Structures are given as C-alpha cells and as structure tokens.
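For reference, the chains in residue letters:
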Amino acid sequence: MSCLGNLLWFIFGGCISGLSWMLAGCLWCISIIGIPYGIQCFKFASMSFFPFGKEIVYGGGTASFIVNIIWILISGIPLAIEHLTIGCLLCLTIIGIPFGLQQFKLAKLALMPFGTRIVHMTDKNSYG
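Residues numbered from 1 in each chain as written. Predicted model: local features only at pLDDT ≥ 70, side-chain atom pairs only at ≥ 80, totals over all residues. Heavy atoms only, no water.

Visitor: I'm lost on the overall build of the protein chain in this one. Help?
Guide: Tallying secondary structure elements over the protein chain gives five helices and two strands in all. Computed over its C-alpha atoms, the radius of gyration of the protein chain comes to 14 Å, within 12% of the 14 Å expected for a compact globule of 128 residues. Counted over contacts in the protein chain with a minimum sequence separation of 6, partners at least 24 positions apart contribute 74%. (Helix = DSSP H or I, 4+ residues; strand = E, 2+ residues; numbered from the N terminus. Rg over C-alpha atoms; globule rule 2.2 N^0.38 Å. Contact = heavy atoms within 4.5 Å.)

Laid out in structure tokens, this is it:
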C-alpha cells in the first residue's frame, strides 16, 4: 500500500517538495561551513520524495538545538511555509487529506531537521 501511496504522492506534490529540499541542499553546499546542512537536506529530500512507510523520530540535545536555530532562520521557515501551503491545499478534498498530513509532517521536519532520524515502519519496533 505504501508503494501506491508513494507513487501518487510523487505525482501530486512530492516531486516539488523533494526538489525544494534538493535546492536547499545545493545552496547550503556552496560554502564549506554549510556542507553538514546540505547533507541533511539531501537525506530529507529522499523522505520528501517518498514519505509513506517512513516515520520521523525526533531527538537530539543542545548542539542540535543550536544548529536548528541557525537552520530555522535561513532555510527552515521558507520550507515550512511551502509544506504548510501545499498541505492546506491538499486537505481541501477528502482524497487529499492523507497527502496533506504528510506535508504537515514535513513542515515540522523543516523546522527541526537536526537531531532527527528517519525510521522505516518495519524497523520502528526495533528502535523503540
């Protein structure tokens, strides 16, 4: 079922969301200091392209908090606004609600990407 959901997702908004994360990653990788941010963007681009069957686990500590503050000021707010806008548009129809909820999950990720990890639903029980 997640394969069909991912295919429909990619056609109806996932491609745009994933490309946004890829663009942010490319822009971050221009400077040497931004490379860790860019690598994180590329990881979450794959999540944005195909989110069904995956879950985001939040964690981290003080270092993640500080890095997330820098992230929010530069890239987090535009990505979050994009995901919220697309999510609201998708939730206008009953069929689009599951896709809108995935966009809201990605909006939260856009605000706090550091200290998180992506867990496949089959692996979730082994991580707690």
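Having seen the structure, we can now continue with the description.
Visitor: Can you help me understand the environment of asparagine 6 in this one?
Guide: The residue asparagine 6 is located in helix H1 (residues 2-28) in this model. Taking the relative accessible area as the measure of exposure, asparagine 6 reaches 11% and is therefore buried. Taking C-alpha positions, asparagine 6 is 18 Å from alanine 107, a pair spaced 101 residues apart along the chain. Those residues in contact with asparagine 6, other than ones at most four positions away along the chain, are Phe49, Phe50, Pro51 and Phe52. (Buried < 20%, exposed > 50% of the residue type's maximum accessible area, 1.4 Å probe, protein only.)

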